[in-house]
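Observations on chain architecture
Residue strings, one per chain:
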Amino acid sequence: VQSKPHDLSHRLPTLRAPGVELRWLTLADAPALFEIFSEPEVVRFLGVPRLRSRADADRRILDTHAAFNDRTLFEWGLVSTEWGAAPGAVLGTCTLADISWPNRRAQLGFALGRAHWGRGLMSRAVPLLVGYAFESLGLHRLEADADPRNAASLRLIEKLGFRREGYLRERYIQEGEIQDAVFYGLLRADWPVQRS
Ligand SMILES: CC(C)(COP(=O)(O)OP(=O)(O)OC[C@H]1O[C@@H](n2cnc3c(N)ncnc32)[C@H](O)[C@@H]1OP(=O)(O)O)[C@@H](O)C(=O)NCCC(=O)NCCS
């Protein structure tokens, strides 16, 4: 178990499940990230600004690498390994954010390009992230929140076994829209080993 942040190497490992891979992002992925995160529907409930240019995408990747070096945020690119998928192309991201090592806790995040919703990709990818957080990083608790209207996200979080712990009123102001958040937590003890 890698319980200390400095035990990690210089980049994130690739995590694999049938049909999907989570891999380290590089600047070569900037066009793909721009495609995903410039779409208003994708960022609507994300609590991050929409990417408006390729330069924004470059900056986002560099910021992600800086945060990885600080061990405060780990972000993987999601790749489909199914037949017919563009080989190696990043279709979405999975993130452990706001990592608190003293509390062994992180915030779970996920987003997929609009064209790839509803194919079960995140249902296969997110358990990899949770398993890695608990079993390799030695985290104790994961948190997630989602807008009450974001049905796919709520379903995904609940399928993983997260418990609903609260309802946070008007927590986000995203592109001028005030949004509530359903708040969830998952403890290491709630997560069966080798679940994924
Ligand atoms: C949330 C998101 C990542 C889901 O990814 P996905 O690969 O499309 O999800 P899946 O196909 O694995 O579906 C997950 C579950 O939600 C259900 N679901 C999918 N779309 C749904 C919808 N519109 N309404 C209700 N349930 C839905 C699926 O049926 C599945 O549940 P099941 O296994 O019981 O059938 C994707 O919609 C997305 O990127 N949204 C924009 C970004 C975002 O909001 N991220 C989360 C912020 S908290």
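All of these numbers come straight from a predicted model, not from anything done at the bench. (Residues numbered from 1 in each chain as written. Predicted model: local features only at pLDDT ≥ 70, side-chain atom pairs only at ≥ 80, totals over all residues. Heavy atoms only, no water.)

1. Some points on helix H3 (residues 54-69)
Taking 1.5 Å per residue, 16 residues should reach 22 Å; H3 reaches 23 Å between its end C-alpha atoms and fits that length. Restricting attention to buried positions, one finds in H3 the residues Asp56, Ala57, Arg60, Ile61, Thr64, His65, Ala67 and Phe68. Considering only its buried residues, H3 is in contact with strand E2 (20-24), helix H1 (30-37), strand E3 (74-80) and strand E4 (90-100). A positive phi of about 60° marks Arg71, the residue just after H3. (Helix = DSSP H or I, 4+ residues; strand = E, 2+ residues; numbered from the N terminus. Expected span 1.5 Å × (residues − 1). Buried < 20%, exposed > 50% of the residue type's maximum accessible area, 1.4 Å probe, protein only. Contact = heavy atoms within 4.5 Å.)

2. Quick look at the layout of surface pockets
Once rolled over the atoms, a probe with the size of a water molecule shows which space is left empty. Empty space within the second largest pocket amounts to approximately 160 Å³. As for the second largest pocket, its lining consists of Ala32, Glu35, Ile36, Glu39, Val90, Leu91, Gly113, Arg114, Ala115 and His116. Elements with a contribution of two residues or more to the lining of the second largest pocket: H1 and E4. The dominant element in the lining of the second largest pocket, judged by the number of residues it contributes, is H1, at 3 residues. (1 Å grid on protein atoms, 1.4 Å probe; cavity = no way out; pocket = protein on both sides within 12 Å on 5 of 7 lines; lining within 4 Å. Points joined across faces, edges and corners; volume = space filled by probe spheres on them.)

3. With respect to the sheet that holds E4
Across the sheet, which stays open at both edges, the 8 strands sit in the order E1-E2-E3-E4-E5-E6-E8-E7 with mixed pairing between neighbours. The two strands at the open ends of the sheet, each matched to only one other strand, are strand E1 (15-17) and strand E7 (163-174). On average, adjacent strands in this sheet sit at an angle of 25° to one another, irrespective of strand direction. Pairing of strand E6 (residues 141-146) with strand E8 (residues 177-187) involves 6 bridges; the strand directions are antiparallel. Within the sheet, the bridge partner assigned to Ala146 lies in E8 and is Val182. In this fold H3 packs onto E2, E3 and E4, with an angle of close to 125° to the strand it touches most, E3. Strands strand E5 (105-112), E6 and E8 of the sheet are contacted by helix H5 (residues 151-159), whose axis makes an angle of about 160° with E6. (Pairing = 2+ DSSP bridges. Axes fitted to C-alpha atoms, helices over the stretch in contact; angles between N-to-C directions.)

4. Concerning the site of the ligand
Of all residues adjacent to the ligand, which total 21 residues, the nearest are Leu112, Gly118, Ser123, Arg155 and Lys159. Backbone polar atom of Arg119 to an oxygen atom of the ligand: 3.5 Å apart, as the coordinates give it. At 2.8 Å, a side-chain N or O of Asn150 approaches an oxygen atom of the ligand. Looking at the shell around the ligand element by element, the count peaks at 6 residues for H5. (Near = heavy atom within 4 Å. Polar contact = N/O pair within 3.5 Å; in protein donor to acceptor, adjacent residues only side chain to side chain.)

5. So, the pairing of E8
Relative to E8, E7 runs antiparallel, the two being bridged by 8 bridges. Within E8, the position partnered with Arg163 by the bridge is Gly185. Here E7 folds back onto E8 in antiparallel fashion, the turn holding 2 residues, of which Glu175 has a positive phi close to 50°.

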